[in-house]
Each structure stands twice: as C-alpha cells, then as structure tokens.
There are 2 protein chains.
Amino acid sequence: MFASQHEEFMRRAMQVARRALASGEVPVGCVVVQEGRVIGQGHNQRETLQDPSAHAEMIAITAAATHLGSWRLENTRLYVTLEPCPMCAGAIILARIPEVYFGAYDPKAGCCGTLMNLLEDPRFNHQSVVCGGILADECGALLTDFFRNIRNASGSAENNELTSR
Amino acid sequence: MFASQHEEFMRRAMQVARRALASGEVPVGCVVVQEGRVIGQGHNQRETLQDPSAHAEMIAITAAATHLGSWRLENTRLYVTLEPCPMCAGAIILARIPEVYFGAYDPKAGCCGTLMNLLEDPRFNHQSVVCGGILADECGALLTDFFRNIRNASGSAENNELTSR
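Residues numbered from 1 in each chain as written. Chains lettered and ligands numbered in written order. Predicted model: local features only at pLDDT ≥ 70, side-chain atom pairs only at ≥ 80, totals over all residues. Heavy atoms only, no water.

J.: Would you explain the interface of chain B and chain A in this entry?
T.: Accessible area lost upon the coming together of the parts is a frequently used measure of interface size. Every contact between the two is made by 36 residues of chain B and, on the other side, 35 residues of chain A. Counting the surface lost from both chain B and chain A, the interface buries some 2,800 Å², and carbon and sulfur atoms represent 63% of this. When the area that chain B buries against chain A is broken down by residue, the three leading residues are Pro52(B), Trp71(B) and Leu94(B), summing to 23%. In this structure, the connection of chain B to chain A is made through zero salt bridges. For the pair chain B and chain A, the interface holds ten residue pairs in polar contact (both at pLDDT 80 or more). When contributions to the side of chain B that touches chain A are tallied by element, the ones reaching two or more residues are helix 2 (46-49), helix 3 (56-68) and helix 4 (86-95) of chain B. Ranked by the residues each element gives to the side of chain B that touches chain A, the list is headed by helix 4 of chain B, at six residues. Class assignment of the residues belonging to the side of chain B that touches chain A gives a composition of 17 nonpolar, nine polar and ten charged. (Contact = heavy atoms within 4.5 Å. Buried area = accessible area lost by both parts, 1.4 Å probe. Salt bridge = Lys/Arg side-chain N within 4 Å of Asp/Glu carboxyl O. Polar contact = N/O pair within 3.5 Å; in protein donor to acceptor, adjacent residues only side chain to side chain. Helix = DSSP H or I, 4+ residues; strand = E, 2+ residues; numbered from the N terminus. Nonpolar A, V, L, I, M, F, W, Y, C, P; charged D, E, K, R; others polar.)

J.: What should I look at first to understand unusual backbone geometry in this one?
T.: Working note: non-glycine residues mostly have negative phi, and peptide bonds are mostly trans. Positive phi, normally seen in glycine, also occurs at Asn75(A), with a value near 55 degrees. Relative to the elements of secondary structure, Asn75(A) occurs in the loop between helix 3 (56-68) and strand 3 (77-82). Residue class for Asn75(A) comes out exposed when judged on its relative accessible area of 62%. Positive phi values are uncommon outside glycine, yet Arg96(B) reaches one of about 60 degrees. Counting through the fold element by element, Arg96(B) comes out in the loop between helix 4 and strand 4 (99-104). With relative accessibility at 17%, the residue Arg96(B) sits in the buried group. (Buried < 20%, exposed > 50% of the residue type's maximum accessible area, 1.4 Å probe, protein only.)

The structure is reproduced here in structure tokens:
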C-alpha cells in the first residue's frame, strides 16, 4: 500500500477524532480497515459514557468485530491518531490485527514503541506490524489545540487531569 | 482486610466464572468491590459476543463504572480468577483501581507479574497494589478442567486455539 493511502485513512481517523470535540472529549479517532473499506470506527468517549475503557480503538475494534461477526479481525489494518495505550495495544493483540498505523507518539502512555512495544513482543501469541508517526504533526495538533483551549477557558496554566485521556 | 475476606471475594469471582461454562466460554470471572459490596462483575464472553475485548475484567470494570456513574473506580478492589492480560491490566490503570487480587498465574499472557508487571510500572499515571495466587489451585482447576473436557470431546491431544482466551 502506498504511503498516500495510509495518509488517506489517517485523515479518516482524524475526521472521527474531531467528533470527540463536540462533547468535550480528548480528540482521538480510530478506523479499522479491511480491503480498502472502513469496517469500524470510534472516537474517545470516556467522559460521555463515564467508562474508563471507552477509548477510540476499543470502540472501533468492537464495531469491526460486530461488522464481521467475528472477534478475529484478520486481514485488517488499524489507524489511530495517537499511539495506543496498554489497554488498546492489548485489545489489538487479542483481536489479531495484523497491521497498526498511528499518528502522534504518546510520551505518557504509548505502548507501541515509546514506553514499550507490546505489539511486537514475541511472548504474546500474536504480533502486529506497527508504524508510527503518520501525519504526526496534524494528529498531535488536534490534541495540543484541545488542551490549549481547555487551559485558556479555565484560566489555568496547568490542568493535569485533562492532559491525559 | 483479612486474608479470609480476600478468599471470600475470590470465591465470588469463581462463581461468576462458572457462568461462562454454560456458554462454552473459557471460565474466568471477576468482581469489583467497594466497601465490602460487589459493584460490578463479569465473566469471559468473547465467543458469545464475538468481541475480542469481552474479557471478565472489562465487563466488570464497565459495570462498576456504570454503577458509580464515574470512570474513576476509586476505593475499589478488583478480584479476578486469572492474572490479567495487557488489555485488562491497561483498563485497571485507566480506571485507577487501587488494589488488584488474582487467582491463577497466566504463563502465556499474564502482565501483572508473570511476563511483566504493568500495574506497578511507575511510568504510568496510576499504580495498583497487586497480589496474585489467591486460591490459585482452585481458580486454575476451573481452567484445566475446562480445557481437558474440550480435548476429550474433540478427541484431540492438543487444541492450541482453545488454550488461550
């Protein structure tokens, strides 16, 4: 697949991420793709659902599994605007997703290359090919703009609670 | 809390695990406890729901968050019959569960002491106290009996697919 096609799907994930903004959620978006079609998508909904597991990737994975009628997401690619955390990396392993592409690196909780790389750990019964940094600046800008607006609105220089998903 | 009280809640988790058997699911069960009361529970439902993320812990955590109306599971304890995998350990971190007790160790995917210990990794923004091996033999027997029955029924000496959740 050409790089431009990866960027096309990352832009789709960014579109999904922007939907999180309307409900005040940290803007992270994800799409699961099979044979060039989006079969599942999700954006972060932790606050809306008051569910700690409602990350973009989890919602997109469950949607894709529902679409396929199978928990095995074979022959799929996952695109997400932010490097997956341990929970989402674990779900990717369990779903046996072969390829993962992410945008911005996450220095606080990224487990697909930053703090560790769960997706390429040979001790698990599945490994995914992972490629980070796709449209990283644009994906990261979604997040930095969001947190800047929060800080400006609150008049606070720091808001640690809201700088993490 | 006295050891006997931890065993009491682990027995509750085992009771929940047995519900998985009726639907042919790998018997893993989980309860989330606050102030001595179970506020969320779940058993593995991967096959029934065809959802790769439908582990016992995920279902119990979402149920507890729904009960509390908050994604922050503060002042809670999680009891699960099998050592959590990366996904479930990640969800425990995100939910900020202070204490985790598990039964059997998982040599294939356990990430709370066996392959790694995500719950006590100081790089994440939350750490949980974790204690494994509570009623480990009984919790493990639930699993080994299940897989033995599967093998006997299939007439196969090995069934790798079914020896993992």
